[in-house]
Amino acid sequence: MRATLLRRHFSSSTYTLPPTIRQLLAPAAVGKGSQTATSTNEDADVTVTGWVKSVRRQKRVSFAVISDGTTSAGLQAVFPNSSLLPKELSNGASVKLTGRLGKSPGAGQEKELLVEDVKILGSCDPEAYPIQKQALSHEFLRDNVHLRARTASIAAMLRIRHALQRELSSYFEQQGFLHVHTPILTSNDAEGAGETFKLAKTAEKEPTPASTPLPEHHDEFFGRPAHLTVSAQLHLEAFQAAMGRVWTLSPTFRAERSQTSRHLSEFWMLEAEWGDLPVGVAGNDHTSGVRGICTFVEGMLRAAVSNALLVPGSKEDIDVSWVSSMDEKSELQKKRRQELEKAILNEERWKIMTYGEAILALEEEYARQLREGGVQFEFKPGWGKSLQSEHEKWLAEVFVGGPVFVTDYPVDLKPFYMRLNEADGDRQTVACFDLLVPGIGELVGGSVREEREEVLLRRMKESGLWDEEKGLGDYEWYMDLRRYGGSPHVGFGMGFERLISWVGGIENVRECVPMPRWAGRLLL
C-alpha cells in the first residue's frame, strides 16, 4: 500500500522539462497558456533554446531557423522588428527565444515563432564556423567530428539510431526478453580471430604488499591478459542459462586494419540468446533450429524497420538521410530505397538457401562471366571458401533480389560454438546462417549453439583452445554452462551500424556512428 502511494506521489509531482522543438511542432503541440499542446488552433507563449541554422535579415522583418537537434525540421523564428535581432545572432550561435507559437502564413512550415524576446547564450563567429551552408565532404566532417552532428544528415542518422533502438527494444520486450549489460573487458576472444585490442597499463605500477602472493601474470592489472570484447555472445550465453531470453546492444571492438566502407574498430552489436527445442523435436522448420532463428530475425527487422519507416518523425529522418546520400548515384539510391521498402513492407517471406546452393549459383555465374567476358568476380567461388563481399552482394542484389538467409556453412569457416550438423559425406557443416541484404552484404549472423559437451570439447580442441597443462583455461567456465544444466539454445549478432546503413541509405558505416574509429584514426 505504501509503495503504491509513493508511486502515485512521485508520478504526480515529477518535474517536466519544457517541450522540445519536435514536441512543439507535433500536430497537438500548441495550447493557450501552456507549453504543452492541446490545440493547433490556439496560440501559445513558449520559450525555445537551440542553435541558429540560418539567418535571413530584411529591412522590416527578419527570420531565423532554430534547431535543438530533436527534429529534421527546424523552427522558423520571425522577428517582426529587425531591430530586435542582435548582431551576435548568427549561424551557429546558441539562443533562447521567447514568443508566441502559432500558424505560419508562409509555405514550408505549419508553425512559426513570433519572437518577443532574445537572449544570446553562446556567440559564434560565422566566418570561422566550420559548419557552413554549402555542401561539406565526408572527410571534412570526419575531421570536425565534434561538430558534425549539427549537419542535417548526421543529425538524422543519430535520430534513426534512436528510433531503431527504441523499436528493437519494444520488439524484444514483446517477445519476453530481458535486456542485460555484458562486460566490455574480457579475457577471451569469442570469435577466435585474434583481432582483439589488448589492454595495457599506462600508470606507474604500485608495489604489491609482501603478504599478497603475486598472481601468475603479476605485470597485468587483472592478474591475466585483458582485452576489449569482440562480441558479447559468450557472456550472454551465461545469462541465457539463468534468465532464459536475453539480449544486449553494446559496443564491441575489432583490431583489424580493414579500410572498407563496412568496417569500424569500434562499433555496436545487437546480440540475443534464447532457449530452443533440440533439433528435430519441434517438427516445424520455422519454429526451431536455424530456420527458427531466421524466422525470428526476419520478424524483428520487419517490425522495427516498418515502424521507423511509417512513423512520421523517423520517416522524415530516413527521407533526409536518403536524400543526403543521393549524388551521382541517385538512380541507384532510388532503387535501393525501393528494395528496402519492398523487403520490409511486402508480405513475401525472405528467401532461405544453403551455403551449398549459394556456392553452386556463384560457380555458375562465374562460369557465365568467363564465357561472356563480362564483369567478373575478383575471387573465384568454391566449396569451403568464404563468401566475399562481392559474392554476398551478388546473391542479395542479383540472384535473389532481396534479403536472403544463407545457412549451413562448412565447419572450418565458423567458430567452435556452432552446432555440428549431421555429416553430408565429407562436407561437414554447422547449423548457422548469415542474413545478406542488398547494398550491404552480411547484416546478421547466428547459429544453433553446440550444447553437447563432448562435441563442444572436441571443437574447442580443434580450435586451439585446449592446453595440455591448463586444459581450457579461461574457457573452462564456458564448458560449465553445458555441465551444469545446459540446454539447447540459439542466438545471433547484428552490426547496428550496418542496420543504420541499410535503413538510412548511407554508403559508409563511418557516417552511421556518432564518432567513428578505424585504423589510423582516433579523434576525441
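Residues numbered from 1 in each chain as written. Predicted model: local features only at pLDDT ≥ 70, side-chain atom pairs only at ≥ 80, totals over all residues. Heavy atoms only, no water.

The name given to the protein in an unreviewed UniProt entry is asparagine--tRNA ligase, with Marasmius crinis-equi as the source organism. The Sequence similarities (unreviewed entry) comment attached to the protein in UniProt states, word for word, "Belongs to the class-II aminoacyl-tRNA synthetase family." (UniProt positions renumbered as here; feature names shortened; annotations may be inferred.)

1. Looking at unusual backbone geometry
If you check the backbone angles, Asp-408 has positive phi at about 60 degrees while not being a glycine. Of note, Asp-408 is situated in the loop between β12 (404–407) and β13 (432–437). With a relative accessible area of 22%, Asp-408 lands in the partly exposed category. (Helix = DSSP H or I, 4+ residues; strand = E, 2+ residues; numbered from the N terminus. Buried < 20%, exposed > 50% of the residue type's maximum accessible area, 1.4 Å probe, protein only.)

2. Focus: the packing of helix α7 (residues 312–325) against helix α8 (residues 330–345)
Between α7 and α8, the shortest axis-to-axis distance is 10 Å and the interhelical angle comes to 150 degrees. Between α7 and α8, the crossing angle belongs to the class labelled roughly antiparallel. The handedness of the crossing between α7 and α8 is right-handed. The segment α7 lies against α8, with Ile-318, Asp-319, Trp-322 and Ser-325 engaging Gln-333, Arg-336, Arg-337 and Leu-340. (Axes fitted to C-alpha atoms, helices over the stretch in contact; angles between N-to-C directions. Parallel < 35°, antiparallel > 145°, perpendicular 65-115°, else oblique. Left-handed = near helix turned anticlockwise from the far one by under 90°. Contact = heavy atoms within 4.5 Å.)

3. Thoughts on helix α5 (residues 233–243)
Burial in α5 covers these residues: Gln-233, Leu-234, His-235, Leu-236, Glu-237 and Gln-240. Buried-residue contacts for α5 involve β7 (185–186), β9 (245–253), β10 (266–275), α12 (476–483) and β15 (489–495).

4. What about the pairing of β9?
With respect to burial, β9 is a largely interior element, eight of its nine residues being buried. Pairing analysis gives two bridges linking strand β6 (residues 178–179) to β9, with the strands arranged parallel. Across the sheet, the residue bridging to His-179 is Trp-247, located in β9. Two elements, β9 and β10, share nine bridges in a ladder whose sense is antiparallel. Counterpart to Arg-245 in the pairing with β10 is Trp-274. (Pairing = 2+ DSSP bridges.)

5. What to know about a nonpolar patch on the surface
Judged by side-chain polarity, Leu-178, Phe-239 and Met-243 come together as a nonpolar surface patch covering roughly 260 Å² of accessible area. Tracing the backbone through its elements, the reader meets Met-243 in helix α5. (Patch = residues over 30% accessible without salt bridge, like charges linked within 9 Å, V, L, I, M, F, W, Y side chains within 5 Å. Areas by Shrake-Rupley, 256 points an atom, 1.4 Å probe, with all protein chains shown as cover. Salt bridge = Lys/Arg side-chain N within 4 Å of Asp/Glu carboxyl O.)

6. Some words on the confidence of the model for the protein
For the protein, the mean per-residue pLDDT works out to 86, and 87% of the residues sit at or above 70. Between residues 29–41, whose pLDDT stays under 50, and residues either more than four places distant or in other chains, the model counts 40 contacts. Here residues 280–284 is a poorly scored stretch, pLDDT under 50, and it has three contacts once near neighbours within four places are set aside; other chains count. (pLDDT = per-residue confidence, 0-100.)

7. Side note on the pattern of salt bridges
What the rule picks out here adds up to 30 salt bridges. Residue Arg-482 is joined to Glu-237 by a salt bridge in which the shortest nitrogen-to-oxygen separation is 3.0 Å. Of the two residues, Arg-482 is situated in helix α12 and Glu-237 in helix α5; the sequence distance between them amounts to 245 residues. Like Arg-482, the residue Glu-237 is buried in the burial classification. Of the charged contacts in the structure, one is a salt bridge between Glu-397 and Arg-336, with a shortest N-O distance of 3.4 Å. Highlighted residues: Glu-397 in helix α10 (residues 389–400) and Arg-336 in helix α8, separated in sequence by 61 residues. Connected through shared salt-bridge partners, Glu-139, Arg-142, Arg-148 and Glu-511 make up one network.

8. Notes on the state of the cysteines
Enumeration over the complete set of coordinates arrives at zero disulfides. No disulfide involves Cys-432; its sulfur sits 9.5 Å from the nearest other cysteine sulfur, which is in Cys-294. By relative accessible area, Cys-432 is classed as buried at 1%. (Disulfide = S-S within 2.5 Å.)

9. Details of the nonpolar core
Formed by 49 residues in total, the largest nonpolar core has its most connected members in Phe-492 and Leu-499. Sort the elements by how many residues they give to this core and helix α6 (residues 289–310) lands first, with 11 residues. Ignoring anything within four residues of it in the chain, the contact list for Leu-499 reads Leu-164, Leu-168, Leu-301, Val-305, Leu-443 and Met-494. In terms of nonpolar packing, the next biggest core, distinct from the first, is built from 33 residues, Tyr-355, Leu-395, Val-411 and Tyr-417 among them. (Core = buried A, V, L, I, M, F, W, Y, C linked by side-chain atoms within 4.5 Å.)

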